[in-house]
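# Geometric and topological summary
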Amino acid sequence: MTRSDLVEELAARFAQLTQRDAEFAVKAILDAMNDALVRGHRIEIRGFGSFTINRRPPRMGRNPRSGESVPIPEKRVPHFKPGKALREAVDERTSPLGELLPLPSTSSAPALASPKVRTLASAR
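Right, let's walk through the structure included here. (Residues numbered from 1 in each chain as written. Predicted model: local features only at pLDDT ≥ 70, side-chain atom pairs only at ≥ 80, totals over all residues. Heavy atoms only, no water.)

We now examine the nonpolar core. Generally speaking, a soluble globular protein has its nonpolar side chains buried in company with each other. Ranked by size, the top nonpolar core spans 5 residues in total: M33, A36, L37, I43 and F51. With 3 residues, the single largest contributor to this core is helix α2 (residues 19–38). In contact with I43, other than residues within four places in its own chain, are M33, A36, L37, G49, S50 and F51. (Core = buried A, V, L, I, M, F, W, Y, C linked by side-chain atoms within 4.5 Å. Buried < 20%, exposed > 50% of the residue type's maximum accessible area, 1.4 Å probe, protein only. Helix = DSSP H or I, 4+ residues; strand = E, 2+ residues; numbered from the N terminus. Contact = heavy atoms within 4.5 Å.)

Here it is in C-alpha cells:
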C-alpha cells in the first residue's frame with residue numbers, strides 16, 4: 001500500500017472527507033510521526049505496533065574493492081515492532097497461503113527417495 005492508496009482508502013471509508021482532506025490528514029499524521037522520531041521519541045499505536053529509534057554503534061568496515069579498513073560512524077535508525085494483534089492477524093490471514101503453494105525443489109528426485117532418509121526412517 002502506498003501513500004496515495006492510503007489517501008484513497010481513507011476518502012472511500014469516510015464519505016464526508018474529500019480527497020484533498022484525506023490527503024491532508026494522512027500528511028499531518030505522517031509528519032507528526034516523522035517529527036516525533038526525529039526528536040528521539042517512541043511512537044506506540046495500540047494493536048498496531050511501535051516505532052522506536054535504534055542506535056547502531058560505530059564499527060570498522062571494509063572497502064570491498066581495495067580491502068582497506070574504513071571507519072563507519074554511529075547511526076540512529078527507525079525500527080518498527082508490530083503489536084500482538086497485528087502479528088496474529090497477519091499470521092492468520094497468510095497461513096492458508098503456505099498450504100497452497102508448493103515448496104521449490106532443488107532436485108528432480110523427491111527428497112524422501114534419498115537413501116539417508118529411508119535409513120533414518122527405518123532405524124526408528
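What follows deals with the pairing of strand β2 (residues 49–56). Examined bridge by bridge, strand β1 (residues 43–45) and β2 share 3 bridges and lie antiparallel to one another. Within β2, the position partnered with I43 by the bridge is F51. Between the end of β1 and the start of β2, which pair antiparallel, lie 3 residues, with G47 showing a positive phi angle near 85°. In terms of strand pairing, β2 meets strand β5 (residues 75–82) through 8 bridges, oriented antiparallel. Looking across to β5, one finds that S50 is bridged to K81. (Pairing = 2+ DSSP bridges.)

This brings us to α2. An ideal rise of 1.5 Å per residue puts 28 Å on 20 residues; α2 measures up with 28 Å between its terminal C-alpha atoms. Regarding α2, the residues found buried are A22, V26, M33, A36 and L37. Down the axis, α2 shows its buried residues gathered within 105° of arc, on one side only. In α2, those exposed residues whose orientation departs by more than 90 degrees from the buried face are R20, F24 and V38. (Expected span 1.5 Å × (residues − 1). Arc of directions from axis to C-beta.)

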